[in-house]
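Chain residues, written in single-letter form:
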Amino acid sequence: MIEIRSLSKSFGVKPVLHSIDLSVAPGEFVALLGPNGVGKTTLLRIVATLSRPNSGEVKVDRLSLATHAYAVRKLLGVVSHKPLLYGELTAEENLRFYARMYGLGAAEPRVSIVLDQVSLVQQRHDLVRTFSRGMQQRLAIARATLHQPKVLLFDEPHTGLDNDAAKMLDDILLSVAAAGRTVLMTTHDLARGLELSDRVAILHGGKIAYEARSNTLKPTAFADKYYEIIQA
């Protein structure tokens, strides 16, 4: 579903990504791991059509971003540590606004469904500026899944959440994955990435330094491998 081939990105003279190769199969949940500053967000922004690589190619559902970026955007739902919501609108009003942006007709049923999925039905008429950080992230997931995209991109979605809010977000992410969505999530949280994903990949030195199926890894051994890689 996502094909990244020989992708490189620099900011001025500073190289960030070097000939990245990464594939994500339909319905697969891949956690992209690495410490802050290694280029995880840059890679996700490129896949989300928000930034362009210096070289290489990205395809989503066999569509090249270089020639079909508009069509690809319709296939994507994006969630980051910035929820991209309007604080002076209610939860319901935010979703209605994005439904128009997505070109959804008769959106009310979808609005109700996604609010129920993220447990915000009771808060549908509340202003988003009154929401906690965790509630905003839940609403951001509702926004991102409103148009039933094939691919979901999560950029450090747990940033700033307390333990209870993070656990609730985990449950939502797992339910999204169980619905057959293809998920690519960046995180520096090893345990969470390993628990949620089907496969993990470690980004280091601008390259994918390691990949493995999550169910083949033991947390302690994986942590040892991770620190061995990033300290090399």
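Our subject is the structure that appears above.
Every value quoted in this text rests on a predicted model; they were computed, and no experiment measured them.

**Things to note about the sheet that holds strand E2 (residues 14-24)**
And step 1. With antiparallel pairing, the four strands of this open sheet are ordered in space as E2-E1-E4-E5. Only two strands of the sheet have a single partner each, and these edge strands are E2 and strand E5 (63-64).
And step 2. As defined by bridge partners, strand E4 (residues 55-60) adjoins E5 across two bridges and the pair is classed as antiparallel. Each bridged residue has a counterpart across the sheet, and for Lys-59 the counterpart in E5 is Ser-64.

**Comments concerning the pattern of salt bridges**
And step 1. This structure, assessed with the given rule, holds 14 salt bridges.
And step 2. For the salt bridge of Arg-199 with Glu-28, the shortest nitrogen-to-oxygen distance reads 2.8 Å. Placement of Arg-199 in strand E9 (residues 199-204) and of Glu-28 in the loop between E2 and strand E3 (29-33) is noted, with a sequence separation of 171 residues between them.
And step 3. Here Glu-28 falls in the buried class, since its relative accessible area comes to 8%.
And step 4. Salt bridges sharing common partners tie together Glu-28, Arg-199, Glu-211 and Arg-213.

**Some points on the nonpolar core**
And step 1. Core analysis: the largest hydrophobic core is formed by 35 residues, its most contacted members being Leu-95, Leu-139, Ile-141, Phe-154 and Leu-173.
And step 2. Elements supplying a minimum of two residues to this core: helix H3 (91-101), helix H4 (108-117), helix H5 (133-145), strand E7 (151-155), helix H6 (163-178) and strand E8 (182-187).
And step 3. Broken down by element, this core gets its largest block of residues, seven residues, from H6.
And step 4. Excluding anything up to four places from it in sequence, Leu-139 contacts Leu-85, Ala-91, Leu-95, Leu-115, Leu-120, Val-128 and Phe-131.
And step 5. Of all hydrophobic cores here, the second largest spans 29 residues; its members include Val-16, Val-38, Leu-153 and Ala-201.

**A few points about the pairing of E8**
And step 1. Across the six residues that make up E8, a large majority, six, are buried.
And step 2. Covered by surrounding structure in E8 are Thr-182, Leu-184 and Thr-186 together with Val-183, Met-185 and Thr-187, the residues of both alternating faces.
And step 3. As paired strands, E7 and E8 are joined by five bridges and run parallel to one another. What sits directly across from Val-151, in E8, is Thr-182.
And step 4. With H6 bridging E7 and the parallel E8, this β-α-β connection has right-handed handedness.

Thresholds, definitions, all that
- Residues numbered from 1 in each chain as written.
- Predicted model: local features only at pLDDT ≥ 70, side-chain atom pairs only at ≥ 80, totals over all residues.
- Heavy atoms only, no water.
- Pairing = 2+ DSSP bridges.
- Helix = DSSP H or I, 4+ residues; strand = E, 2+ residues; numbered from the N terminus.
- Salt bridge = Lys/Arg side-chain N within 4 Å of Asp/Glu carboxyl O.
- Buried < 20%, exposed > 50% of the residue type's maximum accessible area, 1.4 Å probe, protein only.
- Core = buried A, V, L, I, M, F, W, Y, C linked by side-chain atoms within 4.5 Å.
- Contact = heavy atoms within 4.5 Å.
- Right-handed = clockwise from strand over helix to strand, strands pointing away.

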